[in-house]
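Summary of the model geometry
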Amino acid sequence: MNVNIPQLADTLFERTANGSWVVVFKALITTHHLMMYGNERFIQYLASRNTLFNLNNFLDKGAMQGYDMSTFIRRYSRYLNEKALSYRLVAVDFTKMKRGLFAAYNEGVINLLEKYFDMKKNQCKEALEIYKKFLARMTKLSEFLKVAEVCLVANSNLCFVIFI
């Protein structure tokens with residue numbers, strides 16, 4: 001069955017304008033699922049848009065869980081925005097790569113750096129921000145792995161690590 005991708009995406013965007021966290025959450029999950037398992041043209045279309053989800057001020061005051069879920073909705077929408085932006089910059093969806101996480105990140109950053117001098121000024125600024133975030137994430141991941149290694153060496157069942 002052929003689906004009009006722009007129309008489908010626009011319908012999902014319209015759903016995120018709803019005040020209910022449940023409706024917005026369903027739209028975000030559907031978008032994420034289509035980005036991961038749908039036709040690649042869907043993520044290409046999202047990446048071609050100037051704006052995706054603008055939910056930085058989303059707050060559902062009407063539901064019991066509204067305040068807690070509103071925070072999650074804002075984070076989830078930022079993640080999907082970043083996923084589409086990274087696809088726009090390097091034309092690769094790293095989460096679909098069958099290689100290890102480090103290899104996927106490294107390949108994406110190498111691809112980004114190779115294209116850096118062919119980019120426009122505003123794209124260079126975005127690429128630099130992505131690179132800074134990459135370095136920060138790799139530092140956090142390295143710290144996490146050091147703590148995890150200590151836990152493995154100590155062979156402790158009570159060692160819990162929270163990594164954000």
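Reading the values: the criteria
- Residues numbered from 1 in each chain as written.
- Predicted model: local features only at pLDDT ≥ 70, side-chain atom pairs only at ≥ 80, totals over all residues.
- Heavy atoms only, no water.
- Helix = DSSP H or I, 4+ residues; strand = E, 2+ residues; numbered from the N terminus.
- Buried < 20%, exposed > 50% of the residue type's maximum accessible area, 1.4 Å probe, protein only.
- Contact = heavy atoms within 4.5 Å.
- Areas by Shrake-Rupley, 256 points an atom, 1.4 Å probe, with all protein chains shown as cover.
- Phe/Tyr/Trp six-rings, centres within 6.5 Å; stacked < 30°, edge-to-face > 60°.
- Axes fitted to C-alpha atoms, helices over the stretch in contact; angles between N-to-C directions.
- Parallel < 35°, antiparallel > 145°, perpendicular 65-115°, else oblique.
- Nonpolar A, V, L, I, M, F, W, Y, C, P; charged D, E, K, R; others polar.
- Expected span 1.5 Å × (residues − 1).
- Arc of directions from axis to C-beta.
- Lys, Arg positive; Asp, Glu negative; His and termini not counted.
- Salt bridge = Lys/Arg side-chain N within 4 Å of Asp/Glu carboxyl O.
- Core = buried A, V, L, I, M, F, W, Y, C linked by side-chain atoms within 4.5 Å.
- Left-handed = near helix turned anticlockwise from the far one by under 90°.

**What to know about the overall build of the chain**
Scanning the chain from terminus to terminus reveals 6 helices and 0 strands. Along its sequence from the N terminus, the chain presents helices and strands in the succession α-α-α-α-α-α. Evaluated residue by residue, the chain yields a buried proportion of 30% over its 164 residues. Taking the intrachain contacts of the chain between residues at least 6 apart in sequence as the baseline, contacts between residues at least 24 apart amount to 58%. Accessible area of the chain: about 11400 Å², with a carbon and sulfur share of 57%.

**Digging into the packing of aromatic side chains**
In the structure shown here, the tally under the stated rule is 7 aromatic pairs. With centroids separated by 5.7 Å and ring planes inclined at 65°, the aromatic side chains of Phe25 and Phe72 adopt a geometry described as edge-to-face. Taken together, the residues Phe25 in helix H2 (residues 21–37) and Phe72 in helix H4 (residues 66–90) connect sequence positions 47 residues apart. On the accessibility criterion, Phe72 (36% relative accessible area) is partly exposed.

**With respect to the packing of helix H3 (residues 40–48) against H4**
Close contact between H3 and H4 brings their axes to 8 Å; oriented N to C, the two are set at 95°. Here H3 is positioned roughly perpendicular relative to H4, judged by the angle of their axes. Taken together, the residues of H4 that come into contact with H3 (itself represented by Glu40, Ile43, Gln44, Leu46 and Ala47) are Ala84, Tyr87 and Arg88. Here the residues of the contact of H3 with H4 are counted per class, giving 5 nonpolar, 1 polar and 2 charged.

**Brief notes about H2**
Relative to the 24 Å expected for 17 residues at 1.5 Å per residue, H2 spans 24 Å between its end C-alpha atoms, a close match to the ideal helical length. Every buried residue of H2 is listed here: Trp21, Val24, Ala27, Leu28, Thr31, His32, Met35 and Met36. Looking down the long axis of H2, one finds its buried residues gathered within 165° of arc, a one-sided arrangement. In H2, those exposed residues whose orientation departs by more than 90 degrees from the buried face are Lys26 and Tyr37. On its buried face, H2 sits against helix H1 (5–15), H3 and H4.

**Focus: the side chain of Asp60**
The residue Asp60 is located in the loop between H3 and H4 in this model. Within the buried set, Asp60 has no salt-bridge partner at all; the shortest N-O distance to an opposite charge, 9.6 Å, is to Lys61. Not counting residues within four places of it along the chain, the set of residues in contact with Asp60 comprises Gly19, Ser20, Trp21, Gly66, Tyr67 and Ser70.

**Quick look at the nonpolar core**
Among the nonpolar cores identified, the biggest contains 23 residues, and Leu28, Met35, Phe42, Leu46, Phe53, Leu55 and Ile73 are the most heavily contacted of them. Of all elements in the fold, only H1, H2, H3 and H4 reach the threshold of two or more residues within this core. In terms of residue count, H4 provides more of this core than any other element does, 6 residues in total. Setting aside its immediate chain neighbours within four residues, Phe42 contacts Ile5, Leu8, Ala9, Leu12, Thr31, Leu34 and Met35. Counting 7 residues, the second largest nonpolar core, distinct from the first, contains Leu89, Val90, Met119 and Cys124.

**What to know about the packing of H1 against H2**
The geometry of H1 relative to H2 is characterised by a closest axis approach of 8 Å and an angle of 150° between their N-to-C directions. What the angle tells us is that H1 and H2 run roughly antiparallel. Seen from above, H1 lies across H2 with left-handed handedness. Residues Leu8, Leu12 and Arg15 of H1 form the contact with H2, whose own contacting residues are Val23, Val24, Ala27, Thr30, Thr31 and Leu34. In terms of residue class, the contact of H1 with H2 is built from 6 nonpolar, 2 polar and 1 charged.

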